[in-house]
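If you want the building blocks of each chain, they are given just below.
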Amino acid sequence: MAITRQVITSLQRDGTDALGTRTVAMKIVDESIVSGSLLTVESNHFCILKSRGAVLNVYETGQYALQTPDKPLVGSVVQGFFGGSSPWVYEVIYINRSKLLVRNEGVATSAEMAEMSYVVDYYIHIDSKEAALDLITHMPFAGAVIDTKEIADYAGPAIEQAINQIIQITKMENVNERISDVREAVKAHLTDFLKVYGIMLNDLKVLIMPRDERMRELISLQAIGLTPIESVRYYLALRMADKGLVSAPNAAAGVPFHIGGQPTGFYPLGDEVGATR
């Protein structure tokens, strides 16, 4: 019955947190939530109570007896006119205030139009009750939860734009020299973007590399001091060695490979050696 006193909590029966490390917000819709129901909010959560689209209250850590506009006795009578369903449907939304890890991956293009893969890892958290309200106001629920994947989907275009602004005017071999500039640009764009949703950005890491595996290996060979031609020779030698070809060292050294051994000199072919025409 709707007048039954109950405890609302984000903890599951086994004691684990229903929000975990991937869920930013979780919504509970229950017709049995009435005045007097006990709401428990853990130390790493905020909680928002809504009814008919309006926010009734925002709670921090603690346990609260809910004061909702309906009256238990009147509510049970009104349910009879609605086929046993309560016309007062309350939403309890738990907001995770812990630091959560989010990852974005994508492709940018260098000045030579070479494809560069990037990985951006960053931590986010909800810092205040006002920020929790901004989150549920500006980011809609596609289901019962908002998880870090949805945050990544929203932030993806902002990250891609910030990275491309620098990478598109930088040669591929010089990308790593601009990694600090890329990081600061992504941090500035992402901070402003997430602020609208009440999300605070913490630490951020950016990794950019050539998308093509062969290009990554060639650039790595150049990084140890080889010239472009030497890098190509060493790359070829490594691939030949993987195939078990004995001529791999010759490819690395840039010298020909002779079957049957190296020639040791010049030999006359005439009568004196018994050769006949």
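The rules behind the values
Residues numbered from 1 in each chain as written. Predicted model: local features only at pLDDT ≥ 70, side-chain atom pairs only at ≥ 80, totals over all residues. Heavy atoms only, no water. Pairing = 2+ DSSP bridges. Helix = DSSP H or I, 4+ residues; strand = E, 2+ residues; numbered from the N terminus. Expected span 1.5 Å × (residues − 1). Bend = angle between axes of the 7 residues up to and from the residue. Polar contact = N/O pair within 3.5 Å; in protein donor to acceptor, adjacent residues only side chain to side chain. Axes fitted to C-alpha atoms, helices over the stretch in contact; angles between N-to-C directions. Contact = heavy atoms within 4.5 Å. Core = buried A, V, L, I, M, F, W, Y, C linked by side-chain atoms within 4.5 Å. Buried < 20%, exposed > 50% of the residue type's maximum accessible area, 1.4 Å probe, protein only. 1 Å grid on protein atoms, 1.4 Å probe; cavity = no way out; pocket = protein on both sides within 12 Å on 5 of 7 lines; lining within 4 Å. Points joined across faces, edges and corners; volume = space filled by probe spheres on them. Nonpolar A, V, L, I, M, F, W, Y, C, P; charged D, E, K, R; others polar. Left-handed = near helix turned anticlockwise from the far one by under 90°. Phe/Tyr/Trp six-rings, centres within 6.5 Å; stacked < 30°, edge-to-face > 60°. Lys NZ or Arg CZ within 6 Å of the ring centre and 35° of its normal.

(A) Representation of the sheet that holds strand β1 (residues 7–8) in the model. An order of β1-β3-β6 is seen for the 3 strands of this open sheet, with the pairing classed as mixed. Both edges of this open sheet fall to β1 and β6 (62–65), since each of them pairs with a single strand only. In the sheet, β1 pairs with strand β3 (residues 38–41) via 2 bridges, with the strands oriented parallel. Pairing of Ile8 across the sheet is with Leu39, part of β3.

(B) Molecular detail of helix α3 (residues 148–167). Taking 1.5 Å per residue as the helical rise, α3 with its 20 residues ought to reach 28 Å, and the 26 Å between its terminal C-alpha atoms agrees with that figure. The largest bend along α3 reaches roughly 45 degrees and is located at Ala155, with the proline Pro157 sitting one to four residues downstream. Measuring from the backbone nitrogen of Lys149 back to the side-chain oxygen at the start of α3 gives 3.2 Å, which picks out Asp147 as the cap.

(C) Region of the structure containing the sheet that holds strand β10 (residues 145–147). The sheet built from 5 strands is open, its strands ordered β5-β4-β7-β2-β10 with antiparallel pairing. Single-partner strands in this sheet number two, and they are β5 (54–59) and β10. Each adjacent strand pair in this sheet contributes to an overall mean axis angle of 15 degrees, direction not counted. In the packing of helix α2 (residues 129–138) onto the sheet, contacts are made with β2 (23–30), β4 (45–51), β5 and β7 (90–96), and the angle to β4 comes to roughly 55 degrees. This element, α3, spans β2 and β10 of the sheet and lies at about 60 degrees to β10.

(D) Main features of the nonpolar core. If you look at the biggest cluster of nonpolar residues, it comprises 43 residues, and the most contacted ones within it are Ile95, Val120, Tyr122, Ile159, Ile163 and Ile208. Ile8, Ile33, Leu49 and Leu66 belong to the second largest nonpolar core, which has 13 residues in total.

(E) Geometry of the side chain of Asn202. Note on placement: Asn202 falls in strand β11 (residues 199–210). A polar contact of 2.8 Å, which involves the side chain of Asn202, links it to the side chain of His125. Those residues in contact with Asn202 that lie beyond four places of it in its chain are Lys99, Tyr123, Ile124 and His125.

(F) Expanded view of the layout of surface pockets. Approximately 230 Å³ is the volume found for the largest pocket. Along the walls of the largest pocket sit 13 residues, with Met172, Glu173, Asn176, Pro210 and Ile219 positioned nearest its centre. Among the elements that line the lining of the largest pocket, the one with the most residues is helix α5 (residues 213–223), at 5 residues. A class-by-class count of the residues in the lining of the largest pocket yields 8 nonpolar, 3 polar and 2 charged.

(G) Region of interest: the packing of α3 against helix α4 (residues 179–195). It is the contact of α3 with α4, at a shortest axis distance of 9 Å, that shows an interaxial angle of 145 degrees. Two packed elements cross with a definite hand, and for α3 against α4 that hand is right-handed. On α4, the residues touching Ile151, Tyr154, Ala155, Ala158, Ile159, Ala162, Ile163, Gln165, Ile166 and Ile167 of α3 are Asp181, Val182, Ala185, Val186, His189, Leu190, Phe193 and Leu194. Broken down by class, the residue content of the contact of α3 with α4 amounts to 15 nonpolar, 2 polar and 1 charged.

(H) Layout of the environment of Asp14. Considering the arrangement of structural elements, one finds Asp14 in the loop between β1 and β2. A distance of 2.7 Å separates a polar atom in the side chain of Asp14 from a polar atom in the side chain of Thr16.

(I) Focus on the packing of aromatic side chains. This structure, assessed with the given rule, holds 3 aromatic pairs. Both rings, one in Tyr59 and one in Tyr64, keep their centres 4.8 Å apart while their planes meet at 45 degrees; by these two values the pair is tilted. Here Tyr59 falls in the buried class, since its relative accessible area comes to 8%. Residue classification places Tyr64 among the partly exposed positions, given a relative accessible area of 25%. The interplanar angle of 55 degrees and the centroid separation of 5.5 Å between the aromatic rings of Phe193 and Tyr197 together place this pair among those described as tilted. In this structure Phe193 comes out as partly exposed when scored by relative accessible area, which is 24%. Counting every residue linked through ring pairs, the aromatic cluster contains Tyr154, Phe193 and Tyr197. Over the ring of Phe46 we find Arg97; its NZ or CZ atom is 4.0 Å from the centre of that ring.

(J) Region of the structure containing unusual backbone geometry. Even without a glycine there, the phi angle at Arg52 is positive, about 55 degrees. Here Arg52 shows up in the loop between β4 and β5. Phi is positive for Met113, close to 65 degrees, though the residue is something other than glycine. Assignment of secondary structure puts Met113 in the loop between β8 (100–109) and β9 (115–126). With relative accessibility at 62%, the residue Met113 sits in the exposed group.

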